[in-house]
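The primary structure of each chain is shown beneath.
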Amino acid sequence: MGILIWGFPKGFEMAGQKFQLGYLDFQEVLKLCSLYVIIKENLSEFMKTFYITTAIDYPSSKPHLGHAYEKICADALARWHRLLGEQVFFQTGTDEHGTKIQRKAKEAGKDPQNFVDEMVVYFEELCKKLDISNDKFIRTTSKEHVKVAQEIFKKLHDKGDIYLGEYSGWYCADCETFYTEKDLVDGNCPTHGKKADWIKEESYFFKMSSYQKQVLEHLEKNKESVLPSGRRKEIVNRVKQGLNDLSVSRVNVNWGVPVPINPKHTQYVWMDALLNYYSGVKEKDLEKFWPANVHVIGKDILWHHTAIWYSILIAAGIKLPKTVFAHGFINTEAGDKMSKSKGTVIDPIEIASGYGVDAIRYFLLREVPFGQDGNFSIEALKTRINNELANELGNLVNRTIVMLEKYCGGKIPKGETDSALQKQLKLDKIKDRMEKLEMHFALAEIFAFISACNKFINDKAPWKLEGKEREKVLYSLADSIRVISILIAPFMPGTSKKINSQLSIKDGKLADCKFNLLKSETKVERGEILFKKTE
RNA sequence: AGCGGGGUAGGGCAGCCAGGAGUGCCCGUCGGGCUCAUAACCCGAAGGUCGGAGGUUCAAAUCCUCUCCCCGCUACCA
């Protein structure tokens, strides 16, 4: 019995298996069947999409460490999912409308568009500097976004979910801004010190109150809708207290998306900004990415990303994102909020230039449990660089490469990776941690393996060994470093590349985190030291 | 006031949701080993009444109640 293979005159090769033209014997049919399974599995991985976003930044002033942190976290997740072989779309960007921008531009003597055009450069620069692998940088002033924002506004209006009403509040004519009662200082405008007026103006309202039940239901039913879990409980409690209708347009703000049905109004910034997640993939070939898998946001804007965003989406008949992840804040060494007036604001660009991009990425991802607040200090950063990056990881790579050069002529020897060492890599745990978005733990687990490798060297003392015994130890190490390089790639992409180039290998996928895949005879070349110590 | 987070060795943390000998990590201190390596690496030791008081339990850092400190948030502002 056999199967005739058509269309491959010279036979073909797949996944390392060779098939000749002609009839296949039973063995070969079995091989083909197993290949089919492999292809099918990989295909489903390949078809899997993963859409991740950061919140879009408000470019009223230059980016600080908090902006950097959010992008780094989202980037690591995006890279991890690419490593899994999924189709990833990663979006970040800027939220460029609103009174504050309008005012800042006026102060700078610029028109708002020029002002944001200049400011946005800093944010794009930040992405580059930090090795952020975003597929798109969206700007809410882009035509594409404005179009979608208006479409949704109109859709909700036509449906009857947006109605014309009256908005009232404390208004300062000089600022052309509304203030809440607590913003006022003795009833005066905080910036001008002049008396604020209680005025009423026309405004469109979104019937958010109608969606309370559905929003609540979604939050309660879907355990992963908001993470970490504590945040979900928090938001459930708040939603239970009730949703009010939301003012979604302003007549006194002209720097915004014009309300399509009434150009006297502009859309309220959140009615504009939130829609970026959807508008970003509202073009051909990208629509498959909706709904988003994760919105990575700061804990301060969780309300907007659940109550408001969910209501809008439900009203518009659009699927809800799977997870909104609220990360914490980076505070000062003393645990206080960074503040401009106290001069405690950290410039991420400066830190990255001074200590290295991967060092700052590693520090933030490892030091701060994802979802909680964390403290930043140069001291703590240095400690981690010197100990974990230089001594443990950098030195492991260095001592291994040096031994390969010294004892094996700069080539990977033949051998098999020590089975006891293999067991020290807890790949399932790492995967599990990443799945749960516990990146700090995933990193700890990866570094536990790095430690195991260092211990392995001490225990085996390859400098005392000879011949095959020594080769086996060195092969084990090189092979392990190859795996380590893959695993750290999402967190420290630059370092991973450096290691790979020393081993003369290509970037791997997570599927390559198996042992004994390193080919012997591969040339090994000592490169620059991965992490220099800082005093 | 309400809601939330935190109080664990000299310092910094994890562990708590799904209870099981104070279990772990980093820095620091002390002692030892190694010499391939970025004066790196490995092993060991000292050091804690897990903020306090009750309770549930065979068993509590972990669950419940009360209490004392510290820090945020209170939205329709960006």
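Keep in mind that what you see is a predicted model, and the values were worked out from it rather than measured.

Trainee: If you had to explain the overall build of chain A to someone new, which residues and values would you point to?
Mentor: Counting secondary structure elements, chain A contains 18 helices and 16 strands. Residues classed as buried in chain A amount to 52% of the 535 residues present. Taking contacts inside chain A between residues at least 6 apart in sequence as the whole, the part at least 24 apart equals 74%. Counting only carbon and sulfur atoms, one obtains 51% of the accessible surface of chain A, whose full area is about 25,900 Å².

Trainee: With reference to specific residues and values, describe the pattern of salt bridges.
Mentor: Evaluation of the coordinates by the stated rule reveals 27 salt bridges. In this structure, E525 engages K523 in a salt bridge whose closest nitrogen and oxygen atoms are separated by 3.9 Å. E525 gets classed as partly exposed once you look at its relative accessible area, which sits at 46%. Overlapping salt bridges, with partners in common, bring together D75, R79, D131 and R361 in one network.

Trainee: Lay out the pairing of strand β8 (residues 197–206) in plain terms, naming residues and giving numbers.
Mentor: Direction of pairing for strand β6 (residues 162–172) relative to β8: antiparallel, over a ladder of ten bridges. Within the sheet, the bridge partner assigned to W170 lies in β8 and is W198. The pairing of β8 with strand β10 (residues 246–247) spans two bridges and is antiparallel. By the bridge assignment for β10, F206 is matched with L246.

Trainee: Explain helix α17 (residues 467–488) to me, and be specific about the residues and the numbers.
Mentor: Over its 22 residues, α17 runs 32 Å from end to end, which matches the ideal 32 Å to within 8%, given 1.5 Å per residue. Counting buried residues along α17, 17 of its 22 residues qualify, which places the element largely inside the surrounding structure.

Trainee: Break down the nonpolar core for me, citing the residues and quoting the values.
Mentor: Counting 93 residues, the largest nonpolar core has F376 and L487 as the members making the most contacts within it. For this core, the leading source of residues is helix α13 (residues 378–408), giving twelve residues. The residue makeup of this core includes at least three contributed by each of domain 2 (47–141 + 328–376) and domain 3 (383–512). Residues V146, I152, Y204 and L243 belong to the second largest nonpolar core, which totals 55 residues.

Trainee: So what's going on with the packing of helix α16 (residues 439–460) against α17? Residues and values would help.
Mentor: For any two helices packed against each other, the geometry comes down to the angle between their axes and how far apart the axes lie. In contact at an axis separation of 11 Å, α16 and α17 are set at 170 degrees when each is read in the N-to-C sense. Judged by the angle between their axes, α16 and α17 are roughly antiparallel. Here the hand of the crossing between α16 and α17 comes out left-handed. Contacts from I446, F449, I450, C453, F456, I457 and K460 in α16 reach V473, S476, L477, S480, I484, L487 and I488 in α17. Across the contact of α16 with α17, the residue classes break down as eleven nonpolar, two polar and one charged.

Trainee: Please give an account of the protein's contact with RNA strand B that cites residues and values.
Mentor: Around RNA strand B, a shell composed of 43 residues is seen, among which Y58, Y167, N395, R399 and N458 lie nearest. Here, RNA strand B places atoms within 4 Å of the protein, and 68% of those atoms are sugar or phosphate. W303 places a side-chain nitrogen or oxygen 3.3 Å from a base nitrogen of RNA strand B. With respect to RNA strand B, the side chain of N395 contributes an N or O atom lying 2.4 Å from a sugar or linking oxygen.

Trainee: Give a detailed account of the packing of helix α6 (residues 212–221) against helix α7 (residues 229–240), specifying residues and quantitative values.
Mentor: Interaxial distance between α6 and α7 falls to 10 Å at its minimum, and their mutual angle equals 160 degrees. For the element pair α6 / α7, the angle class is roughly antiparallel. You can see that α6 and α7 cross each other, and the crossing is left-handed. Along the contact surface, α6 presents Q212, V215, L216, L219 and E220, while α7 presents R232, I235, V236, V239 and K240.

Trainee: Describe the packing of aromatic side chains, and please don't skip the residues or the numbers.
Mentor: Enumeration over the complete set of coordinates arrives at 13 aromatic pairs. Where F325 meets F370, the ring centres are 4.0 Å apart and the plane angle is 10 degrees; that geometry is what we call stacked. Here F325, found in strand β14 (residues 323–327), pairs with F370, found in the loop between α12 (357–367) and β16 (374–375); they are 45 residues apart in sequence, far enough to count as distant. For the pair F325 and F370, a shared accessibility class is recorded, and that class is buried. Chaining the aromatic ring pairs together yields one cluster made of Y51, F89, Y277, Y278, F289, W290 and W309. Of note, R250 hangs over the ring of Y167, and the distance from its end group to the ring centre comes to 4.6 Å. It is R433 that lies over the ring of F441; its NZ or CZ is 4.2 Å from the centre.

Trainee: Run through unusual backbone geometry, naming residues and quoting values.
Mentor: That bond from L227 to P228 is cis: its omega, -10 degrees, falls within 30 degrees of zero. Mapped onto the elements, P228 comes out in the loop between β9 (226–227) and α7. The peptide bond linking W290 to P291 adopts the cis configuration, its omega dihedral lying at 5 degrees. Position of P291 among the secondary structure elements: in the loop between α9 (276–279) and β13 (294–298). Phi is positive for D131, close to 60 degrees, though the residue is something other than glycine. For D131, the location among the structural elements is in the loop between α4 (112–129) and β5 (136–139). Although it is not a glycine, A461 adopts a positive phi angle of roughly 40 degrees. Inspection of the secondary structure puts A461 in the loop between α16 and α17.

Definitions and cut-offs
Residues numbered from 1 in each chain as written. Chains lettered and ligands numbered in written order. Predicted model: local features only at pLDDT ≥ 70, side-chain atom pairs only at ≥ 80, totals over all residues. Heavy atoms only, no water. Helix = DSSP H or I, 4+ residues; strand = E, 2+ residues; numbered from the N terminus. Buried < 20%, exposed > 50% of the residue type's maximum accessible area, 1.4 Å probe, protein only. Contact = heavy atoms within 4.5 Å. Areas by Shrake-Rupley, 256 points an atom, 1.4 Å probe, with all protein chains shown as cover. Salt bridge = Lys/Arg side-chain N within 4 Å of Asp/Glu carboxyl O. Pairing = 2+ DSSP bridges. Expected span 1.5 Å × (residues − 1). Core = buried A, V, L, I, M, F, W, Y, C linked by side-chain atoms within 4.5 Å. Domains from an automatic or database assignment. Axes fitted to C-alpha atoms, helices over the stretch in contact; angles between N-to-C directions. Parallel < 35°, antiparallel > 145°, perpendicular 65-115°, else oblique. Left-handed = near helix turned anticlockwise from the far one by under 90°. Nonpolar A, V, L, I, M, F, W, Y, C, P; charged D, E, K, R; others polar. Near = heavy atom within 4 Å. Polar contact = N/O pair within 3.5 Å; in protein donor to acceptor, adjacent residues only side chain to side chain. Phe/Tyr/Trp six-rings, centres within 6.5 Å; stacked < 30°, edge-to-face > 60°. Lys NZ or Arg CZ within 6 Å of the ring centre and 35° of its normal.

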